[in-house]
Structure formats: structure tokens, C-alpha cells
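Structural characterization, general
Take a look at the letters that make up each chain.
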Amino acid sequence: MIRAAILMAADSALVQRAVRRYGMQMGAKRFVAGETASDFLDAASAVNTRGFAVACGILGEGVRSREEATEAAEEYCALLRTFAERGIDANVAFKLTHVGLDIDPELAYENAARIAQTAQDTGNTMRLDMEQSRYVDATLQIHRRLRERFGCVGFVLQSYLHRSMDDLQNALPLQPNVRLVKGAYLEPPTVAFPSKADVDANYIRLAETALTHPGYTAIATHDPKIIAHLRDFIDRAGLPKRGRFEFQMLYGIGSPLAQQLVESGYRVRLAIPFGNYWFPYLMRRLAERPANLAFFLKGAFTRG
Ligand SMILES: Cc1cc2nc3c(=O)[nH]c(=O)nc-3n(C[C@H](O)[C@H](O)[C@H](O)COP(=O)(O)OP(=O)(O)OC[C@H]3O[C@@H](n4cnc5c(N)ncnc54)[C@H](O)[C@@H]3O)c2cc1C
């Protein structure tokens, strides 16, 4: 219930104004590198030195003009070139609505293809994030078209959706690079499992299926039980610690466990977002764990 209330409050103009004004000082910085590319590059270099790879995300979604969508794609291409020039171990992951999906799916495809081309030219990879369920079909179609042209393109499946196992089965012939997540949006029971136990069980089914087929699996969760289960599964399946899968976590969450995984020899990637459109991202992180709301509100009273 608290999760739903936070996600609904995210749509309130009043809440948006207040949080956008004070949020960065109040504690958004725990989850977001900052507002500029330079803030991101500092954060990425720092986590690289601690042994983590990085997934870069520019915070923006649902852009309304062709120019904004194309600018976002150009910014991703520029970042990929900077990673290559500076030897930063980071790839990019972005939302198709940030590069034009709400305006024209063909525009989103063209922009995503430009990013894929730059990723390929710089020896890197890119991934399409997964958004609300109404975008899944379009995202999967664009992923398929890109994947047929570029080997460096990955996508995301959400274990809260009833459809995800079918979507994974359909993607298996592409030897996909799939990131598995539980899902961050408010979805009705007609499309998503309402119970956490079902979401978790489906996560494990999806991960075991992906890991036992050719391709690459990004196990993106902070859930210690699921991680322990999959480590055991991976050992029993005789998969090497690197090359077939990686663990992924969000910047500011699950750090001790992430560090432990790096020290055990696994590849671990932290998703680090930046940009001035951080409000919806922050609200999704608060909704996942209402205890974060207390941390965040405390910041309001301890600001200097
Ligand atoms: C790298 C990465 C990429 C993602 N990309 C997408 C995407 O494209 N589309 C999408 O819908 N979702 C995405 N997500 C978000 C995901 O769907 C979940 O909402 C989020 O990861 C929380 O779920 P969990 O798997 O950690 O499990 P949960 O069961 O929610 O949490 C397990 C444990 O992790 C810790 N934890 C989880 N969330 C938080 C938090 N916010 N603050 C503090 N501790 C926390 C807690 O200890 C909790 O008990 C992504 C997540 C990751 C890690």
C-alpha cells in the first residue's frame, strides 16, 4: 500500500515541485551521481577503481519533441566515445521513451540504432531498459530489429509480468543479452503477479532458463536469497564465474553484497544514473523500500 501511495504521489505536481527543489540536497545523491555528465564520470571512475563495471543511464523518459529525443541519443553516443577515450568500464542503458518512443516508434528505433552503432564502433554494449507494461511489445520489437543488426544490444525482462517467460522463450533463438529484474512500476494484477512470492519464484525460473541457454544474463537484483540461490545454481551448472553472466545492482543500494560478489571473483555492474530529470527515478527507489522514505525525509530536517 505504501508502495502504491509513493508511486501515486510521484504524479502529483505539488510533490514534484517540492522534491525537485530540495531533493538533491535531501538525499537523492545516494541514488543518483548528480546532474551533469562530469558528476557521472567522477562516480563511474570511483566505482571502477573498486572493481565494478558501470551501466550509465541519463535520467529522462517520456520526452515530447523529436529534438529532445535526438539530443538524448547524441548524449549517449558522446558518452560511449568518452568511455573509450578515458578507458572507463561502463556501457549505457536507456529507456526508449527517452529517445522518442511516445512520439514515433521509428524515431526511437533510429535513435537507438545510432547508439548501437556507436557502442559497436567503440567495442562496447548497450541495453534497452524496460518501462511500463504498455511499452513491452514496442520495446521487444525494437530490440529484435536491433539485435538482428548489432550483437552488442541487450534488453530487460521483468519477473512481475505474467508474459515474461513467453517473451524470454521467444528471444532465446537470438542468443540474447538479457537483464532480469523484478519490475519497478505499478501494474494491475491482470498483467503482473500481485504477490512478492510469485514475482520471486518467476525471477528464479527466468534466470535458470536464461542461464542454461546460449546468450548472456544480467542478474539484476539486490535480493540476497535469490543471489545465493543462483550462485549455487551456477556452480552446479558448471558455468564459469565470468563470460556468461554478471550481477547488477543500483548505485546506492546493496553495496556490501555487491562488494562481496566482486571479492568472490564475479563480474558486478552498478547502474549509475545522472541528469536533472531525477524525480521519477528517485520515487521508484523510495517506493521499493519505504524505509528509504524515512532516510530521505530525515535529510529535510538535517540540511544545513
Ligand atoms: C541494474 C538494475 C537495472 C534495473 N532496470 C530496470 C528496468 O529496466 N525496468 C524495471 O522495471 N526495473 C528495473 N530495475 C528495478 C527492479 O525492477 C526492482 O524494482 C529493484 O531492483 C528492486 O528489486 P530487487 O530485485 O532488489 O528485490 P526486492 O525484493 O525489492 O528487494 C530485495 C532486497 O534488496 C534491498 N533493496 C531493494 N530495493 C531497495 C531500495 N530501493 N533501497 C534500499 N534497499 C533496497 C532490500 O534489502 C530488499 O529487502 C533495475 C534494477 C537493477 C538492479
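Note that the coordinates shown come from a computational prediction; the quantities given were computed from them, not determined experimentally.

1. Overview of the overall build of the protein
Across its full length, the protein holds 12 helices and 8 strands. What you see for the protein is a C-alpha radius of gyration of 18 Å, in line with the 19 Å of a compact globule of 304 residues. Each principal axis of the C-alpha atoms in the protein carries an extent, and together these give about 55 × 45 × 40 Å. When burial is assessed residue by residue, the protein has 41% of its 304 residues classed as buried. For the protein, long-range pairs separated by at least 24 residues make up 72% of all intrachain contacts whose partners lie at least 6 apart in sequence.

2. Considering the packing of helix 5 (residues 105–121) against helix 6 (residues 136–149)
In the contact formed by helix 5 and helix 6, the axes pass within 10 Å of each other and the chain directions differ by 40 degrees. One way to sum up the angle between helix 5 and helix 6 is to call them oblique. The element helix 5 and its partner helix 6 pack so that their crossing is right-handed. In this structure, helix 5 uses Pro105, Ala108, Tyr109, Ala112, Ala113 and Ala116 to contact helix 6, whose residues at the interface are Ala138, Ile142, Arg145 and Leu146. Counted by class, the contact of helix 5 with helix 6 contains 9 nonpolar, no polar and 1 charged residues.

3. Examining the sheet that holds strand 7 (residues 245–250)
Sheet architecture is closed into a barrel: 8 strands sit in the order 1-2-3-4-5-6-7-8, paired in parallel fashion. Strand-to-strand twist across the sheet, computed as the mean angle between neighbouring axes with direction ignored, equals 30 degrees. Where strand 7 lies against strand 8 (residues 268–274), 4 bridges are found, and the strand directions are parallel. Paired with Met249 across the bridge in strand 8 is Leu270.

4. Quick notes on the confidence of the model for the protein
Residue-level pLDDT values for the protein average 91, and 91% of them are 70 or greater. With pLDDT under 50 throughout, residues 300–304 is counted as low confidence; its partners more than four residues away or in other chains account for 4 contacts.

5. Some words on the site of the ligand
The environment of the ligand is formed by 23 residues, the closest being Asp129, Val181, Ala184, Thr221 and His222. When contributions to the shell around the ligand are tallied by element, the ones reaching two or more residues are strand 4 (153–158), strand 7 and helix 11 (279–288). Looking at the shell around the ligand, the element that brings in the most residues is strand 7, giving 3 residues. Residues that form the shell around the ligand fall into these classes: 10 nonpolar, 7 polar and 6 charged.

6. Quick notes on unusual backbone geometry
In this structure, Gln175 takes a positive phi of about 50 degrees despite not being glycine. Following the sequence through the fold, Gln175 ends up in the loop between helix 7 (164–171) and strand 5 (177–181). By C-beta crowding, Gln175 is classed as exposed, having 12 other C-beta atoms within 10 Å.

7. What about the nonpolar core?
By size, the foremost hydrophobic cluster in this structure holds 80 residues, and its most contacted members are Tyr76, Leu180 and Ile272. With 8 residues, helix 4 (residues 66–86) is the largest single contributor of residues to this core. Mapping this core onto the domain boundaries places at least three of its residues in each of domain 1 (1–32 + 278–304) and domain 2 (34–276). For Ile272, the contacting residues outside a window of four places in its chain are Ala33, Phe40, Ala43, Ala44, Val54, Cys56 and Tyr251.

8. Structural notes on the environment of Glu106
Position of Glu106 among the secondary structure elements: in helix 5. With 10 C-beta atoms packed within 10 Å, Glu106 lands in the exposed category.

9. Topic: helix 7
The set of residues buried in helix 7 consists of Ser164, Asp167, Leu168 and Ala171. Mapping the buried residues of helix 7 onto a view down its axis gives an arc of 100 degrees, with all of them on the same face. Facing away from the buried side of helix 7 by more than 90 degrees, the exposed set consists of Asp166 and Gln169.

10. Here's the deal with the domain arrangement of the protein
The domain boundaries assigned to the protein delineate domain 1 (1–32 + 278–304) and domain 2 (34–276). The centre of domain 1, based on its C-alpha atoms, is set 23 Å off from the matching centre of domain 2. Contact with domain 1, which involves 11 residues of that partner, is made by 12 residues of domain 2. The greatest single-element share of the side of domain 1 that touches domain 2, amounting to 4 residues, is contributed by helix 11. Taken together, the residues of the side of domain 1 that touches domain 2 sort by class into 7 nonpolar, no polar and 4 charged.

11. Topic: the pairing of strand 8
In terms of burial, strand 8 is largely enclosed, as 7 of its 7 residues are buried. Burial along strand 8 is two-sided: Val268, Leu270, Ile272 and Phe274 facing one way and Arg269, Ala271 and Pro273 facing the other are all buried. What joins strand 7 to strand 8 is helix 10 (residues 255–263), and the crossover it makes is right-handed.

The rules behind these values
- Residues numbered from 1 in each chain as written.
- Predicted model: local features only at pLDDT ≥ 70, side-chain atom pairs only at ≥ 80, totals over all residues.
- Helix = DSSP H or I, 4+ residues; strand = E, 2+ residues; numbered from the N terminus.
- Rg over C-alpha atoms; globule rule 2.2 N^0.38 Å.
- Buried ≥ 20, exposed ≤ 12 C-beta atoms within 10 Å, placed from the backbone.
- Contact = placed C-beta atoms within 7 Å.
- Axes fitted to C-alpha atoms, helices over the stretch in contact; angles between N-to-C directions.
- Parallel < 35°, antiparallel > 145°, perpendicular 65-115°, else oblique.
- Left-handed = near helix turned anticlockwise from the far one by under 90°.
- Nonpolar A, V, L, I, M, F, W, Y, C, P; charged D, E, K, R; others polar.
- Pairing = 2+ DSSP bridges.
- pLDDT = per-residue confidence, 0-100.
- Near = placed C-beta within 6 Å.
- Core = buried A, V, L, I, M, F, W, Y, C linked by C-beta atoms within 7 Å.
- Domains from an automatic or database assignment.
- Arc of directions from axis to C-beta.
- Right-handed = clockwise from strand over helix to strand, strands pointing away.

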